[in-house]
Amino acid sequence: MRQQIAAANWKMNLTLQQAENLLDEILKAPYHLKTYQKVVLAVPFPYLLLAGQKIAGHNNFHVSAQNCYQKERGAYTGESSAEMLQSLGVEYVILGHSERREYFGETNSMLGEKTKLALSCGLTPIFCCGESLQIREAGTQNDYVETQLKESLFSLPEEQIRKIVIAYEPIWAIGTGKTATSAQAQEMHFHLRRVLAKQYGDAVAEEIPILYGGSVKGSNAKELFSQPDVDGGLVGGASLIAADFSKIIEALK
Ligand code: PEP
C-alpha cells in the first residue's frame, strides 16, 4: 500500500509559545490512522527539537525541516546541514518549495545536490515541483514539471528514488485560496507517475507518494485526496489552524 501523508508546512510563522500550543492542539485529537498513513510536521528550525519531543509516542507523526543546505558542512553562515537535521532526529525535509526557488534562487541542479545529501543522511526529501500561472496558461505545465523532476532527481539510483516523496504544488494555488480542481490535480499526478515510470519502471512509480499542495483546506481535502494518484497534501495556511489541519488528517482515505 502506497503511503499517504498529511504534511504541514508552517513556513516562517509562530512564536515558540504559539508553536507549542498548536502542536498540543493538533496532537490531542483522536486520529484513527492506518499504518500507511502519516502526518509530517515541517516546523521552523528553532522548533524542530520541541516538535520531536511533542510527537514522541504518537506513532504516525514525524518531524520535517523546511530546507537544508547543499553542502555537507563548513563556512556557510546561517545555513543548516542534512547531518544536523539527522542528529536532531528529524526524518523529513522539504526541498525545492516554490518560495525557496523564487526568493532564494534555488535551481534544479542545486536541488539535486540537496536531495542526494538529504538521502545520504537518512532523511526523506519531500521534493516540491509545480508551475507558475503563466506556464499553466501557456499549457506547458506537464513539460515544465517533468523537467524539474528530471534535472533534480533522475540521476538517483532506483533504491534512492524509492525513498522520495513528491509534492506537486502549482504556484498559482499556493496561499492564493485558489485550489486546483481535483481533476487538475489528478491529471498532473498521473502525468508525474508516468514520467517516473518511464525512468524507473511501473513498480517504482507506483510506490512513490505524490502529495498535492495549494490551498488545501479542511473543506476540500477529502475531494482532492479521493483521486487515485493524490496521496495526501502539503498544507501551508490551513496547517496553522488546528481544527482545519485535523480535518485534513482525517481526510486521508
Ligand atoms: C505551501 O506553501 O506548501 C502551501 C501549499 O501553502 P497553502 O496551503 O497556504 O496554499
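Above: the structure in question.
Summarised in this report is the structure supplied together with it. The structure displayed is predicted, hence computed values, not measured ones.

1. What to know about unusual backbone geometry
Where the residue is not glycine, phi is negative for most of them; where a peptide bond is considered, it is trans in most cases.
Logical step 1: With phi around 80 degrees, Leu-14 is a residue other than glycine that occupies positive phi space.
Logical step 2: Within the secondary structure layout, Leu-14 lies in the loop between β1 (4-9) and α1 (16-28).
Logical step 3: In this structure, Ser-215 takes a positive phi of about 55 degrees despite not being glycine.
Logical step 4: If you trace the backbone, Ser-215 turns up in the loop between β7 (210-213) and α11 (221-225).

2. Remarks on the site of the ligand
Logical step 1: Of all residues adjacent to the ligand, which total 14 residues, the nearest are Lys-11, His-97, Glu-169, Gly-175 and Ser-215.
Logical step 2: A distance of 2.8 Å separates an oxygen atom of the ligand from a polar backbone atom of Ser-215.
Logical step 3: Between the ligand and the protein, one listed contact pairs an oxygen atom with a backbone N or O atom of Gly-236 at 2.8 Å.
Logical step 4: Here the ligand, which alone exposes 290 Å², has 95% of that area covered by the protein.

3. What about the pattern of salt bridges?
A side chain of one charge can pair with a side chain of the opposite charge when the charged atoms of the two come close.
Logical step 1: Going through the model one piece at a time under the given rule, you end up with 17 salt bridges.
Logical step 2: One salt bridge in this structure joins Arg-73 and Glu-83, with 3.0 Å as the shortest N-O distance. Here Glu-83 lies in helix α3 (residues 82-87) and Arg-73 lies in the loop between β3 (61-65) and α3, a separation of ten residues in the sequence.
Logical step 3: Look at Glu-83 and you get partly exposed, because its relative accessible area is 38%.
Logical step 4: Among the ionic contacts, a cluster of salt bridges with common partners joins Arg-2, Arg-193, Glu-206, Asp-229 and Asp-231.

4. A look at the packing of aromatic side chains
Logical step 1: In this structure the tally under the stated criterion is four aromatic pairs.
Logical step 2: Both rings, one in Tyr-31 and one in Phe-61, keep their centres 5.9 Å apart while their planes meet at 45 degrees; by these two values the pair is tilted. Of the two residues, Tyr-31 is situated in the loop between α1 and β2 (37-42) and Phe-61 in strand β3; the sequence distance between them amounts to 30 residues.
Logical step 3: Measuring from centroid to centroid gives 6.4 Å for Tyr-168 and Tyr-212, while their planes differ by 55 degrees, and the two rings are tilted. With Tyr-168 in strand β6 (residues 165-168) and Tyr-212 in strand β7, this residue pair connects regions lying 44 residues apart in the sequence.
Logical step 4: Residue Tyr-168 is classed as buried on the basis of its relative accessible area of 0%.
Logical step 5: We note Arg-100 situated over the ring of Phe-104; from NZ or CZ to the ring centre the distance is 4.0 Å.

5. A closer look at helix α9 (residues 182-200)
Logical step 1: Between its first and last C-alpha atoms α9 spans 26 Å; for 19 residues at 1.5 Å apiece the expected length is 27 Å, and the two agree.
Logical step 2: Burial in α9 covers these residues: Ser-182, Ala-185, Gln-186, Met-188, His-189, His-191, Leu-192, Arg-193, Val-195, Leu-196, Ala-197 and Tyr-200.
Logical step 3: Residue Gly-201 follows α9 closely and has a positive phi angle near 95 degrees.

6. What to know about the sheet that holds β7
Picture the strands of a sheet paired through backbone hydrogen bonds; they go either parallel or antiparallel.
Logical step 1: Spatially, the eight strands close up into a barrel ordered β1-β2-β3-β4-β5-β6-β7-β8, and their pairing is parallel. Direction aside, the axes of adjacent strands within the sheet are offset by 25 degrees on average.
Logical step 2: Pairing between β6 and β7: three bridges, direction parallel. If you follow Ile-166 over to β7, its bridge partner there is Ile-210.
Logical step 3: In the packing of α9 onto the sheet, the strands contacted are β5 (124-129), β6 and β7, and the crossing angle to β7 comes to about 145 degrees.

Each value, and the rule that gives it
- Residues numbered from 1 in each chain as written.
- Predicted model: local features only at pLDDT ≥ 70, side-chain atom pairs only at ≥ 80, totals over all residues.
- Heavy atoms only, no water.
- Helix = DSSP H or I, 4+ residues; strand = E, 2+ residues; numbered from the N terminus.
- Near = heavy atom within 4 Å.
- Polar contact = N/O pair within 3.5 Å; in protein donor to acceptor, adjacent residues only side chain to side chain.
- Areas by Shrake-Rupley, 256 points an atom, 1.4 Å probe, with all protein chains shown as cover.
- Salt bridge = Lys/Arg side-chain N within 4 Å of Asp/Glu carboxyl O.
- Buried < 20%, exposed > 50% of the residue type's maximum accessible area, 1.4 Å probe, protein only.
- Phe/Tyr/Trp six-rings, centres within 6.5 Å; stacked < 30°, edge-to-face > 60°.
- Lys NZ or Arg CZ within 6 Å of the ring centre and 35° of its normal.
- Expected span 1.5 Å × (residues − 1).
- Pairing = 2+ DSSP bridges.
- Axes fitted to C-alpha atoms, helices over the stretch in contact; angles between N-to-C directions.
- Contact = heavy atoms within 4.5 Å.

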